Amino acid sequence: MYKVGSCLSARSAGLTGQACCLPFLAKFHVGNGAAWQKSALKYCPADVPEMPLCNFKPEEYKGLSKEQMLEIRRQNCNPMTMKITYYKKPVFIHQGHMQWVWDVDGKRYLDLFAGVATVSMGHCHPKVTAAAEKQLKKLWHTTNIYVYPSIHEYCEKLASRLPDPLKVVYLTNSGSEANDLAMLMARLHTGNFDIITFSGSYHGGSSQTMGLTSNSPYKYPIPTGSGCTNVMCPDVFRGPWGGSKCRDSPVQTIRECSCAHGHCMANEQYIKQLKETFATSLPSQIAAFFAEPIQGMGGAVQYPKNYLKEAYKLVRERGGVCIADEVQTGFGRTGAHFWGFQGHGVLPDIVTMAKGIGNGFPMGAVVTTAEIAASFVKALHFNTFGGNAMACAVASSVLDTIKEDGMQQNTLEVGTYLIGELAKLRDKYEIIGDVRGKGLQIGVEMVKDKASRDPLPPQAMNEMFEDIKDMGVLIGKGGVYGQTFRIQPPMCITKKDVDFFVAVFDKAVHSYMERN
Ligand code: PMP
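**Observations concerning the pairing of strand E8 (residues 321-325)**
- Along E8, five of the five residues are buried, which leaves the element largely enclosed by surrounding structure.
- Where burial is concerned, the two faces of E8 agree: the one with Val321, Ile323 and Asp325 and the one with Cys322 and Ala324 are both buried.
- Direction of pairing for strand E7 (residues 288-291) relative to E8: parallel, over a ladder of four bridges. Within the sheet, the bridge partner assigned to Ala288 lies in E8 and is Val321.
- Between E7 and its parallel partner E8, the chain crosses via helix H12 (residues 307-317), and the hand of that crossover is right-handed.
- Note: E8 against strand E9 (residues 350-353), three bridges, orientation parallel. Along E9, the bridge assignment pairs Ala324 with Val351.

Pasting the structure below:
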């Protein structure tokens, strides 16, 4: 009956969507690769539903033509921008409103990547925009050699969102600058030099933070960030160890696990790797350990539940401080907590943040203890724009909006729903290896087949990626092999948006499998 290419007849028989696949899929199990793949092809996703309504009307676009923009990009912009233009047919974005963006032709997209996990309140959120406008008419900039209200209001408000003793705030212009500063602070405070990060991590692109970053495409062939050592990332899906109970996510991996309750063999093995790194690659005393609570660029990679707790202890035993990079996971993105580190039951010594802090306004921050801050006074630390009056007004409104609009609660509810719906697709398609994350920090890792977990090659990823965009949804990509779709939308998305995206994703994966 419903063979490859027979979607039309199935539909005309009134058997659209899930209904036409269930009898087939019930027979197959994860791991039964070839048979499973055939069955998935007999399944025919419903037509993509209408995009959820949006009452907002964008302005008519009257600017540069697409050809002009591409030519300028070729001639006058960083040449790498031609390489990283995400799509074969690029998206020319003209305007944004909440979770929506419009291109120069007036086509609307559901933006599930939010300018790389940054526009967390939504594009041009009315409250944040009003706060920016108000400040714009009063004072754009002076520097922190003067005393002005917005920086103080903000520092107090931000500090109140962090647990004791994390109360001293340094404001920066970006995540890289925040991490640079945290490296320097850790070294001055401890008197040690060596810093550890996870393989596959991204912590910035400056000369110093490039050393923290462990992702080949971002590495230049010059000596950078000396004193940085990578340890094996405790990735419970792709790494050598992992099972069905390891991580703090609504969905576990497809890997089997026979660990008794409260005992995680994968965690033990990854901690052993960390000890091995200490024994072989580092001096007895170190400066710091940097980790994201959920690895963002890596594709929402999650660690065994107790890993960070045990790692923090080992780092502190060696004189190091523990640094949580909350550039992506902060400000409620993980839903259950305001900060990602809270989900691991740890208390860092330094927290770095950026991206969602300003909903797209360029800004970053480092928050630490009074004790560490006291070690950081041997020379002047000054930056012209850090704590700029505009940035502080915007960031202050972001903190208010998270609370007033219930953004964190929405992230928890809608994110958990989205992870659950994506997990159903994982169970349907052989090439969806893993669905993971928390709140709206989500990764969907694509594989050649579930048994090998070999990454799906870039060409295949690109085909689906382009298709998803053409159907009206923007998502991201990540992972060391570019094998993971990243979903990190504005935190105001709804369940209707989720249903739309899941239908689009289902269709894109199905169409890819039909073609190949
Ligand atoms: N840390 C993490 C976890 C990031 O994802 C990024 C940016 N992708 C950075 C640091 C660097 O931030 P920025 O691009 O603002 O310098």
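**Re the pattern of salt bridges**
- Counted according to the given criterion, the structure contains 20 salt bridges.
- Residue Asp405 pairs with Lys127 through a salt bridge whose shortest N-O separation is 2.5 Å. Here Lys127 lies in helix H7 (residues 126-136) and Asp405 lies in the loop between helix H14 (389-404) and helix H15 (407-428), a separation of 278 residues in the sequence.
- Look at Asp405 and you get partly exposed, because its relative accessible area is 32%.
- Here Arg318 and Glu317 are joined by a salt bridge, their closest N and O atoms 3.7 Å apart.
- Judged by its relative accessible area of 21%, Arg318 falls in the partly exposed class.
- By relative accessible area, Glu317 is classed as partly exposed at 48%.
- One connected set of salt bridges, linked through shared partners, spans Arg238, Arg247, Asp434, Arg436 and Glu445.

**Details of the side chain of His123**
- Mapped onto the secondary structure, His123 falls in the loop between helix H6 (114-117) and H7.
- Not counting residues within four places of it along the chain, the set of residues in contact with His123 comprises Gly96, His97, Met98, Trp100, Val101 and Asp111.

**As for the packing of H15 against helix H17 (residues 495-515)**
- At a closest axis distance of 10 Å, the pairing of H15 and H17 adopts a crossing angle of 20 degrees. As far as their axial angle goes, H17 and H15 are roughly parallel. Every pair of crossing elements has a handedness; the one defined by H15 and H17 is right-handed. From H15, Glu413, Val414, Tyr417, Leu418, Glu421, Leu422, Leu425 and Lys428 reach across to H17, where they touch Lys495, Val498, Asp499, Phe501, Val502, Phe505 and Asp506.
- Along the lines of polarity and charge, the residues of the contact of H15 with H17 split into nine nonpolar, no polar and six charged.

**Some remarks on empty space enclosed by the protein**
- Enumeration over the complete set of coordinates arrives at two cavities of 30 Å³ or more.
- In this structure, the largest cavity encloses a volume near 80 Å³.
- Looking at the lining of the largest cavity residue by residue, the class counts come to four nonpolar, five polar and four charged.
- The volume enclosed by the second largest cavity comes to roughly 30 Å³.
- What lines the second largest cavity is simply Ala117, Ser120, Val327, Gln328, Gly330, Phe331, Arg333, Gly356 and Met491.
- Among the residues forming the lining of the second largest cavity, the class breakdown is four nonpolar, four polar and one charged.

**Re the sheet that holds strand E12 (residues 441-446)**
- Read across the sheet, four strands follow the order E11-E12-E15-E14 without closing on themselves; strand pairing throughout is antiparallel. Each edge of the sheet is formed by a strand with only one pairing partner; in this case those strands are strand E11 (432-438) and strand E14 (476-478). With direction set aside, neighbouring strand axes in the sheet form an average angle of 25 degrees.
- Summarising the sheet, E11 and E12 pair through six bridges and their orientation is antiparallel. In the strand pairing of E12, Ile432 is matched with Met446.
- Strand contacts of H15: E11, E12 and strand E15 (484-487), with the helix running at about 170 degrees to E11, the strand carrying the most contacts.

**A short note on the environment of Cys322**
- Positionally, Cys322 belongs in strand E8.
- Overall, Cys322 belongs to the buried group, its relative accessible area being 0%.
- Placed 230 residues apart in sequence, Cys322 and Phe92 show a C-alpha to C-alpha distance of 41 Å.
- The contacts of Cys322, once residues within four sequence positions are left out, are Phe289, Tyr312, Val315, Arg316, Pro348, Asp349 and Ile350.

**Focus on the site of the ligand**
- Lining the immediate surroundings of the ligand are Ser174, Gly175, Ser176, Asn179, Tyr202, His203, Gly204, Glu292, Asp325, Val327, Gln328 and Lys355.
- In this structure, a nitrogen atom belonging to the ligand sits 2.8 Å away from a side-chain N or O atom of Asp325.
- Relative to its free-state accessible area of 390 Å², the ligand is covered by the protein chains to the extent of 84%.
- Broken down by element, the residue count for the shell around the ligand peaks at three residues, all from helix H9 (residues 175-190).
- The residue makeup of the shell around the ligand, split by class, is two nonpolar, seven polar and three charged.

Definitions and limits used
Residues numbered from 1 in each chain as written. Predicted model: local features only at pLDDT ≥ 70, side-chain atom pairs only at ≥ 80, totals over all residues. Heavy atoms only, no water. Buried < 20%, exposed > 50% of the residue type's maximum accessible area, 1.4 Å probe, protein only. Helix = DSSP H or I, 4+ residues; strand = E, 2+ residues; numbered from the N terminus. Pairing = 2+ DSSP bridges. Right-handed = clockwise from strand over helix to strand, strands pointing away. Salt bridge = Lys/Arg side-chain N within 4 Å of Asp/Glu carboxyl O. Contact = heavy atoms within 4.5 Å. Axes fitted to C-alpha atoms, helices over the stretch in contact; angles between N-to-C directions. Parallel < 35°, antiparallel > 145°, perpendicular 65-115°, else oblique. Left-handed = near helix turned anticlockwise from the far one by under 90°. Nonpolar A, V, L, I, M, F, W, Y, C, P; charged D, E, K, R; others polar. 1 Å grid on protein atoms, 1.4 Å probe; cavity = no way out; pocket = protein on both sides within 12 Å on 5 of 7 lines; lining within 4 Å. Points joined across faces, edges and corners; volume = space filled by probe spheres on them. Near = heavy atom within 4 Å. Polar contact = N/O pair within 3.5 Å; in protein donor to acceptor, adjacent residues only side chain to side chain. Areas by Shrake-Rupley, 256 points an atom, 1.4 Å probe, with all protein chains shown as cover.

Geometry only, nothing functional implied.
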